Amino acid sequence: MRWEISTSALRSDFVKQVEANGRQNILACYQCGKCSAGCPVAHEMDILPNQIIRLVQLGMKDQVLNSRAIWICASCETCTTRCPQEVDIARVIDALRNMAYRERRSSPEKEILVFNRVFVDNLASLGRLYEVGLILGYNLRSGHLFKDMLKAPGMFLKGKINPIPPRVKGARQLKALVKKIEAKERGER
Amino acid sequence: MRYAFYPGCTLHSTSREYDLSTREVCRRLGIELTEVPDWICCGATSAHVSMHLLAVALPVRNLWAARTMNGDQVLTCCAACYNRLKTANQEMAEDQEIRNQVNQLLEIDYRGEVKVRHLLEVILEDVGVEGLRLKVSKKMEGLKVASYYGCLLVRPPKVMQFDDPEQPHSMDDLLTAVGAQTIDWPYNIECCGASLSLTRTEIVLRLCRDILADAQARGADCVAVACPMCQSNLDLRQRETEAAYSLRFNLPILYFTQILGLALGAGIRELGLNRHIIDPIPLLKAKALI
C-alpha cells in the first residue's frame, strides 16, 4: 500500500486529539508490532493495528478514520494487554471509532455501522437489549433480510428466544439520556 | 453472603440457562442474590465504539442503583457486563473530567465505590475451593473440560485485575475442585469474535473453528465458559462452523455453573441443560454424570 504524507497532515493536531480523547501517549509507540502479531482478526484488516497507531502519529486522519480496520477490531483487548509501551491500543481504536461516529463518516464496513446503530437504538428504546428486535432490526436495515432466520425455530424450541420484549421502569428517562449524549457528541436528534 | 446481582440482558433471553444455573449454584452455596432494581443494558460493545460518554453512563446508572440498595458490591456472571462495569468504575474513580460529565448527566454523585465482582471470583474468594469441595454430592469424574476464558474476563489486566491475563486458572480451579479434569490448551484466552457475530459471520466461524478444533484435538469432551457471548457463538454457530469447514466437533458448550450445579446435586432442567443447541445430555449420560 502506498500513502502520500503531506506537511499539513504532519502538522495537524490529529494526534493530539486522539491522545486527549483516548487518554493515551501515542507517541510512546515504537512500532514493535506485538499488537498486530497477537490480533485475532488482523488477517481481515486493511491496515494492521500497529499501522493504525503509526498513521495516527503521522496525523493521517482520513486514512485511519476511513479504514475497515478500526471497525473490524473485535475489542478483545489482546493488543492492549501485550503492548510493552503500555499504549492502550483498543482504547485508541475506540477513540478513533468515536471520532468517525461523531463526524458521521461512512465505512466500507457498513454492516458494522448499521449493527451499532440498531444496538444503541434498541437499548435506548427498551432499556435492555431485546435480541429478537436487534436481529430483526439489523436484518431490515442492513438489507440481509433472512440472515440467521433458519436458526430461529431451533432457538425458540430451546427456550432461547423470549417472545416478549423486556419492560424496564425508567426506560423513558434512558431514551432522553441517550438523546442528550448523542446531541452532546454530534449535535443531532 | 448477600450480593446485589446484575444479570445483564442475555441472561433473560438467549442464555437463560446461565441465569438458571447461576441462581441454582448460588442457592446451594449460600450466596444470596438480590437483583439490582430496574437495571439497564451495560451497552456492551456498541456503546463504547460509538459514544464514550454513553459507554460510561450506562454501567454507572446500574452501579448507582446497586449502591442505593446499600450494596458495596455487585455480582455479575456475564464477562462483557463485568468488563463494562469495571471499566466504567475505573474511569469514575480516576478520570475527573469523565466523572463530572457523567455525574452531571445522571444527576448523581458516584466515584466508582461499588465493587464489581464476577461469580468466578466470588466462589473462589468468598466460598473458597475447599468450601465448594465440601458441598459436592456428585463428583464430575471422567469429564474432560476445556476451560475457555475468552477476552473480557481477564483483559485488559489493568482494569480487570482478576486472574492471570495470559494463563488464567480460576475456572480450572473450580472445575477440578468438583472432580472434573481440565485440559491444558493454548486457545483458552483466544477471541471468538462475538461482537462481529451478526455482521462478519465468516470471521467468527474461522475463530470458532480454531478454538473448537484445538479443544477437540486435545481430547476435551466439552468446553466450559463464563460468558454468554462466547457460549452463544460456540454453541449456536457450531453447526455452521462444521459445515463451513467440513469438520465435525459436536462439542457441548457448558456454562461453568452448569458443571458446578451438577456436582452440587442440581438436576438437568434446573440447570437448563436441555436448552443447548449441541445437546450435552448424551455426553453426561455416557459419563454417568446424570
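In this text, all values refer to a predicted model and were calculated from it rather than measured experimentally.

**Q** Would you take a moment to explain the overall build of chain A for this structure?
**A** Summing up its helical and strand segments, chain A has 12 helices and zero strands in all. Moving toward the C terminus, one meets the helices and strands of chain A in the order α-α-α-α-α-α-α-α-α-α-α-α. Each principal axis of the C-alpha atoms in chain A carries an extent, and together these give about 55 × 35 × 30 Å. A total of 189 residues make up chain A; the buried ones form 41% of that total.

**Q** Explain the overall build of chain B to me, please; I cannot follow it from the model alone.
**A** In terms of helices and strands, chain B carries 13 helices and eight strands. Taken against the 2.2 N^0.38 rule, which gives 19 Å for 290 residues, the C-alpha radius of gyration of chain B at 19 Å falls within 12% of a compact globule. Partitioning the intrachain contacts of chain B with sequence separation of at least 6 by distance along the chain shows that 78% fall at a separation of at least 24.

**Q** Whenever I open this one, the confidence of the model for chain B confuses me. Can you help?
**A** Low-confidence regions, as indicated by low pLDDT, have predicted coordinates that should not be scrutinised in detail. With 100% of its residues at a pLDDT of at least 70, chain B reaches an overall mean of 97. The ipTM value of the predicted complex is 0.95, and its pTM value is 0.96.

**Q** Mind showing me how you'd approach the environment of Glu24(B) here?
**A** Residue and element names in this part refer to chain B. Looking at the element boundaries, Glu24 is found in helix α1 (residues 16-29). Owing to 22 C-beta atoms within 10 Å, Glu24 belongs among the buried residues under this scheme. Through-space distance from the C-alpha of Glu24 to that of Ala266 is 7.2 Å; in sequence the pair is 242 residues apart. Apart from the residues lying within four places of it in its own chain, the contact partners of Glu24 are Gly261, Ala266, Glu270 and Leu271.

**Q** What's the story with the pairing of strand β5 (residues 144-148) of chain B in this structure? I'm lost.
**A** Every regular strand shows the same layout, with side chains that alternate between the two sheet faces. Residue and element names in this part refer to chain B. Of all the five residues making up β5, four are buried; the element is thus mostly covered by neighbouring parts of the structure. Summarising the sheet, β5 and strand β6 (residues 181-182) pair through two bridges and their orientation is parallel. Looking at β6, one finds that Val145 is bridged to Thr182. As judged from the four bridges shared by β5 and strand β7 (residues 222-225), these two strands associate in the parallel manner. Paired with Tyr148 across the bridge in β7 is Val225.

**Q** Just to check I follow, could you spell out the interface of chain A and chain B for this structure?
**A** When the parts of a complex come together, some accessible area is lost, and that lost area is often taken as the interface size. Listed per partner, the contact involves 46 residues of chain A and 39 residues of chain B. Elements supplying a minimum of two residues to the side of chain A that touches chain B: α7 (78-82), α8 (89-102), α9 (110-126), α10 (131-142) and α12 (171-186) of chain A. At eight residues, α12(A) tops the list of elements feeding residues into the side of chain A that touches chain B. Of the residues in the side of chain A that touches chain B, the class split is 19 nonpolar, 11 polar and 16 charged.

**Q** What is the right way to read the domain arrangement of chain B from this model?
**A** Residue and element names in this part refer to chain B. When its domains are assigned, chain B resolves into domain 1 (2-118) and domain 2 (137-286). Once you take the C-alpha centre of each, domain 1 and domain 2 turn out to be 24 Å apart. With 24 residues of domain 1 in contact, the opposing surface of domain 2 contributes 24 residues. Looking at which element gives the most residues to the side of domain 1 that touches domain 2, the answer is α1, with nine residues. Grouping the amino acids of the side of domain 1 that touches domain 2 by side-chain chemistry returns nine nonpolar, 10 polar and five charged.

**Q** Which parts of the structure should I look at to understand the nonpolar core?
**A** Nonpolar side chains in soluble globular proteins tend to end up buried together. Core analysis: the largest hydrophobic core is formed by 155 residues, its most contacted members being Val223(B), Ala224(B) and Ile259(B). Aside from chain neighbours lying at most four places away, what touches Ile259(B) is Met140(B), Val145(B), Leu175(B), Val178(B), Ala180(B), Ala224(B) and Leu254(B).

**Q** Please explain the sheet that holds β5(B) as it appears in this structure.
**A** The pairing of strands in a sheet comes from backbone hydrogen bonds and takes either a parallel or an antiparallel form. Residues and elements named next belong to chain B. With parallel pairing, four strands are arranged side by side in an open sheet as β6-β5-β7-β8. One side of each edge strand has no neighbouring strand; the edge strands of this open sheet are β6 and β8 (253-255). Sheet strands in contact with helix α10 (residues 228-236) are β5, β7 and β8, and its direction is about 155 degrees off that of β8. Its contacts with the sheet place helix α12 (residues 256-263) against β5, β7 and β8, and it is angled at close to 70 degrees to β8.

**Q** Is there a simple way to think about the sheet that holds strand β3 (residues 73-76) of chain B in this case?
**A** Residues and elements named next belong to chain B. Spatially, four strands are ordered β2-β1-β3-β4 in an open sheet, and the strand pairing comes out parallel. With partners counted over all chains shown, the strands left at the sheet margins are β2 (32-35) and β4 (115-118), one partner each. Mean inter-strand twist for the sheet, computed between neighbouring axes without regard to direction, equals 40 degrees. One ladder, built from four bridges, connects β3 with β4; its direction is parallel. Within β4, the position partnered with Thr76 by the bridge is His118.

**Q** I'm lost on helix α9 (residues 201-217) of chain B in this one. Help?
**A** At 3.6 residues per turn, the α-helix brings residues three or four places apart onto the same side. Residue and element names in this part refer to chain B. Taking 1.5 Å per residue, 17 residues should reach 24 Å; α9 reaches 24 Å between its end C-alpha atoms and fits that length. For α9, every residue scored as buried is listed here: Thr201, Val204, Leu205, Leu207, Cys208, Ile211, Leu212 and Ala215. For α9, the secondary structure elements touched by its buried residues are β5, β7, α10 and α11 (238-245). One or two residues past the end of α9 sits Gly219, with phi positive at roughly 85 degrees.

Rules behind the numbers
Residues numbered from 1 in each chain as written. Chains lettered and ligands numbered in written order. Predicted model: local features only at pLDDT ≥ 70, side-chain atom pairs only at ≥ 80, totals over all residues. Helix = DSSP H or I, 4+ residues; strand = E, 2+ residues; numbered from the N terminus. Buried ≥ 20, exposed ≤ 12 C-beta atoms within 10 Å, placed from the backbone. Rg over C-alpha atoms; globule rule 2.2 N^0.38 Å. Contact = placed C-beta atoms within 7 Å. pLDDT = per-residue confidence, 0-100. Pairing = 2+ DSSP bridges. Nonpolar A, V, L, I, M, F, W, Y, C, P; charged D, E, K, R; others polar. Domains from an automatic or database assignment. Core = buried A, V, L, I, M, F, W, Y, C linked by C-beta atoms within 7 Å. Axes fitted to C-alpha atoms, helices over the stretch in contact; angles between N-to-C directions. Expected span 1.5 Å × (residues − 1).

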